[in-house]
Amino acid sequence: MNVECDVLAGEQGPSCTSLDQIPNLKLIHIRFVGTAKRDSSAFSSEFPADSEFSRPKSKRTRGQPELASCSYQSPRARSLEVRPQVKKNLNAGCPKSLSVTQMINLGKVVRQETTIADVYKCNLENMAWSSVAERVELVIEKKPFAEGGFREVYKAKSPTACYSERLWVVKKYLPKTLESINQLGQTIEDHTKKAVQMQSLAKNIAHSMYAKVKELCQHQFGKCFVYTDSYMAKLEGGEYVTIEEFIDGDFTKYLNNTGLVCGNRSTDECKKAECLAHYSYEKSSGKLMLLDIQGSMYTLFDPEIASATLLIDAEYLFGVGNLTSEAITAFIENHECNRFCGLLQLKPFAELSSRDDEN
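- Under the annotation held in an unreviewed UniProt entry, the chain carries the name Transient receptor potential cation channel subfamily M member 6-like and is attributed to Paramuricea clavata.

Structure (structure tokens):
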């Protein structure tokens, strides 16, 4: 059965055929009338010929709504409606292309399985580690593609949401590094946390320097360094590693953790790396220095922090690569302020040292 919306002039009627017949647009009375029991003559009979409600329907002006008419449809009729089918993406999960070798290897049983990693993140704003791990599946390559002084690096992919769109690296400790960590009386978990914290600190220092560059000399200084994010992960067998986003490009080491420059000092990148170390020392009031500056062009990773003090509350600061005041002194003795130090208005080390002595 169909019904129509009947707009009334008052609570008891009569019916209106135009907006002009509604006395108060702030309060509109509506009733629903079945069309089978009502014809058009019923509307006209409710109004005398000389009534104000018998005026012909006025022409609707722009902005005025038309009187609505409603139709009713039974639940059974609605259930019989044909709904459009949602097509499934049959190509979801398929790689864009396969090499001939991969095609042939699919004729054998694939032995590679994903590795489950519990990922933990450090929040600098709250100075706290996440207590609830994020479970991530990783497909880690069997052979490392790079090796540093303390860890070896493996490429990895992930089918897990939020991780599947990027290529990752998993960094595992070398056996000699594990021995050094044990000699310092640290657990592998604590040392891995410190590795992530160091990268977070380096990222914060680099961002702080960028803010100063933006304020003083962005046009003259040019591009600034940035550090990638790093997370701690515990693999299924209990091994602690770090995972970071893979950075493509040629690897360059500008500064060693000994405080000595190992890059080409004539390049702007190497000069800016020295400037970054200088800035970190001034920013921390001589308490630490950002060293082991390395990466691909302006994207950096795997820093080391040299602290003026090795121990606080009987705990070794930072990581096994912390060569403390020896590394800081080595950098100061070999550093010559360049134009980037000048643009940032960094103070000479002699002036910084005298200020520290006064404090």
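We are not done yet, so read on.
1. Some points on the packing of aromatic side chains
Alright, step 1. Tallied over the full model, the rule gives eight aromatic pairs.
Alright, step 2. Here Tyr-163 and Trp-168 contribute two aromatic rings whose centre-to-centre distance is 5.3 Å and whose plane-to-plane angle is 40 degrees, an arrangement assigned as tilted. Neither Tyr-163 nor Trp-168 differs from the other in exposure class; each is buried.
Alright, step 3. Note on Phe-221 and Phe-340: the rings are 5.0 Å apart at their centroids and 70 degrees apart in plane angle, and the pair reads as edge-to-face. Highlighted residues: Phe-221 in helix α6 (residues 218-221) and Phe-340 in helix α9 (residues 339-343), separated in sequence by 119 residues.
Alright, step 4. A residue is classified by how much of its surface remains accessible, and Phe-221, at 2% relative accessible area, is buried.
Alright, step 5. Here the aromatic cluster, defined as three or more aromatic residues joined through ring pairs, consists of Phe-225, Tyr-254 and Tyr-298.
Alright, step 6. A cation over an aromatic ring shows up here: Lys-155 above the ring of Phe-145, its NZ or CZ 5.3 Å from the ring centre.

2. Observations regarding helix α7 (residues 268-283)
Alright, step 1. When the terminal C-alpha atoms of α7 are compared, their 22 Å separation across 16 residues agrees well with the 22 Å that a helix rising 1.5 Å per residue should span.
Alright, step 2. Taking burial as the measure, the 16 residues of α7 include 13 buried ones, the bulk of the element.
Alright, step 3. Downstream of α7 by a residue or two, Ser-285 has a phi angle that is positive, lying close to 55 degrees.

3. Things to note about the pattern of salt bridges
Alright, step 1. On inspection of all chains with the given rule, the structure shows twelve salt bridges.
Alright, step 2. For the salt bridge of Glu-315 with Lys-194, the shortest nitrogen-to-oxygen distance reads 3.2 Å. Of this pair, Glu-315 sits in strand β19 (residues 315-316) while Lys-194 sits in helix α5 (residues 188-216), and the two are 121 residues apart along the sequence.
Alright, step 3. Classification of Glu-315 as partly exposed rests on a relative accessible area of 45%.
Alright, step 4. Measuring nitrogen to oxygen at the nearest pair gives 2.7 Å for the salt bridge that ties Asp-292 to Lys-253. Of this pair, Asp-292 sits in the loop between β14 (288-291) and β15 (294-296) while Lys-253 sits in strand β13 (residues 252-253), and the two are 39 residues apart along the sequence.
Alright, step 5. Among the residues examined, Asp-292 registers a relative accessible area of 6% and is labelled buried.
Alright, step 6. When its relative accessible area of 25% is taken as the criterion, Lys-253 is described as partly exposed.
Alright, step 7. Linked by salt bridges that have partners in common, Arg-151, Lys-171, Glu-244 and Asp-302 make up one network.

Definitions and cut-offs
Residues numbered from 1 in each chain as written. Predicted model: local features only at pLDDT ≥ 70, side-chain atom pairs only at ≥ 80, totals over all residues. Heavy atoms only, no water. Phe/Tyr/Trp six-rings, centres within 6.5 Å; stacked < 30°, edge-to-face > 60°. Buried < 20%, exposed > 50% of the residue type's maximum accessible area, 1.4 Å probe, protein only. Helix = DSSP H or I, 4+ residues; strand = E, 2+ residues; numbered from the N terminus. Lys NZ or Arg CZ within 6 Å of the ring centre and 35° of its normal. Expected span 1.5 Å × (residues − 1). Salt bridge = Lys/Arg side-chain N within 4 Å of Asp/Glu carboxyl O.

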